[in-house]
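The lines below spell out each chain.
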Amino acid sequence: MVQSVNLKALTTLASVVRRPYLAAPHVFVPTISGKWFKGSRDSKFICMVLVRIIFHPNTALSNTDVSYEALRDHCGIKAVIFDKDNTLTAPYENSLHPRAKFGLQSALDAFGTDNVAILSNSAGTNDDPDFEDGREIEKSLGIAVIRHVEKKPGGIDEVMKHFPKVEDASQLCMVGDRLLTDVVFGNLHGMLTVHTLPLCTGKENKNDNTIANFIRTLENKMMYGDWWGGRKVRSYTLQHKVWRGENECPLVMASNQTKRDPSQVEIDKNE
């Protein structure tokens, strides 16, 4: 699949320049399954910076998971939206990546199949003729792919129509690896936003869109780099309607606090 130009992202860029905190996520985890994996130089750079930002400087690097139960029980979240490429699957692949298996299942266990869906800037858009990839992904992953004309950070109307039990966008959680599309989309509409590093690096990432890969690296370094601009933006994360922050309601937990899927443990051993 060839991805067309994201006009919505380009037109929204001016808003982000004026209000850069729109790109600041509420929560960061390395992947949706919490695995700090061996990655590229850029991934290692971000991981090291994030340890200094999120944890005590002397804290060892650890695996972290999102608590979907806490999202449901304490944050007013009724549904979870996942990006696809480099969040659930390898770029432009239609099968679930092994590293995403545990995280997706955790979300499904907490919210149910009807309240978990994919909003992708590839599958389900006009770049997906006759919804061929969308249908294949739905069959493979067992969750819906939301059809939408306007790419993220657009598409809110189609999202709200897909979740009839969701009365307000603040009841949604957006999870993805892109700050300028996934996180900005969620923050523009008052969602709770979760940012991850790209799921794939190196040879696994060979099919990724070259421009998207370059911009992702740049936006991550701008947001998480140890410079005055990054520190200022991170200090002004938008307040969520219900969630009042990690201190009052922890959403990120060490992986050893959660039951690990045996297949995930085996993957971890082999990496």
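Keep in mind that this is a model prediction, so the values were computed, not measured. Positions within a chain are numbered from 1, following the residues in the order the chain's sequence is written. Confidence filtering applies because this is a predicted model: local features only for residues at pLDDT of at least 70, side-chain atom pairs given and counted only at 80 or more, and all residues used for totals across whole chains, interfaces and linings. No hydrogens and no water enter the side-chain calculation; it runs on all heavy atoms of the structure.

1. Some thoughts on the nonpolar core
For our purposes a nonpolar core is just a set of buried Ala, Val, Leu, Ile, Met, Phe, Trp, Tyr and Cys residues, chained together by side-chain atoms within 4.5 Å. Relative accessibility under 20% of the residue-type maximum defines a buried residue, over 50% an exposed one, and the middle range a partly exposed one, all with a 1.4 Å probe and only protein chains included. Among the nonpolar cores identified, the biggest contains 36 residues, and Y68, L71, F82, L88, L104, L192 and L251 are the most heavily contacted of them. Helix and strand definitions follow DSSP, with helices as H or I runs of at least four residues and strands as E runs of at least two, each counted in order from the N terminus. Looking at this core, the elements with two or more residues in it are α3 (68-74), β3 (79-82), α4 (101-111), β4 (116-118), α5 (132-141), β6 (172-176) and β7 (192-195). In terms of residue count, α4 provides more of this core than any other element does, five residues in total. A contact between two residues is defined here by any heavy atoms of the two lying within 4.5 Å. Discounting chain neighbours no more than four positions away, the residues touching F82 are I32, Y68, T87, L88, L104, A107, V116, A117, I118, L119, M174 and V175.

2. Regarding a nonpolar patch on the surface
Together, F214, L218, M222, W227 and W228 give the surface a local cluster of nonpolar side chains, amounting to about 590 Å² of exposed area. Within the secondary structure, W228 is located in helix α9 (residues 228-234). In this scheme, patches are assembled from residues that exceed 30% relative accessible area and form no salt bridge. Like charges are connected within 9 Å, while nonpolar side chains (Val, Leu, Ile, Met, Phe, Trp, Tyr) are connected within 5 Å. Residue burial considers only the protein chains on display, and all accessible areas are found by Shrake-Rupley using a 1.4 Å probe. The term salt bridge refers to a pairing of a side-chain nitrogen on Lys or Arg with a carboxyl oxygen on Asp or Glu at a separation within 4 Å.

3. So, the pairing of β6
Counting buried residues along β6, five of its five residues qualify, which places the element largely inside the surrounding structure. Side chains L172, M174 and G176 of β6 all project onto a buried face; the interleaved residues C173 and V175 project onto the opposite face, where all are buried too. One ladder, built from four bridges, connects β3 with β6; its direction is parallel. For I81, the partnering residue across the bridge sits in β6 and is M174. When β6 meets β7, the two strands line up parallel, connected through four bridges. When the sheet's bridge partners are listed, V175 is paired in β7 with V194. Each parallel crossover has a hand, and for β6 linked through helix α7 (residues 179-188) to β7 it is right-handed. Any two strands are treated as partners once DSSP identifies two or more bridges connecting them. A clockwise course of the path from the first strand over the helix to the second, judged with the strands pointing away from the viewer, identifies a crossover as right-handed.

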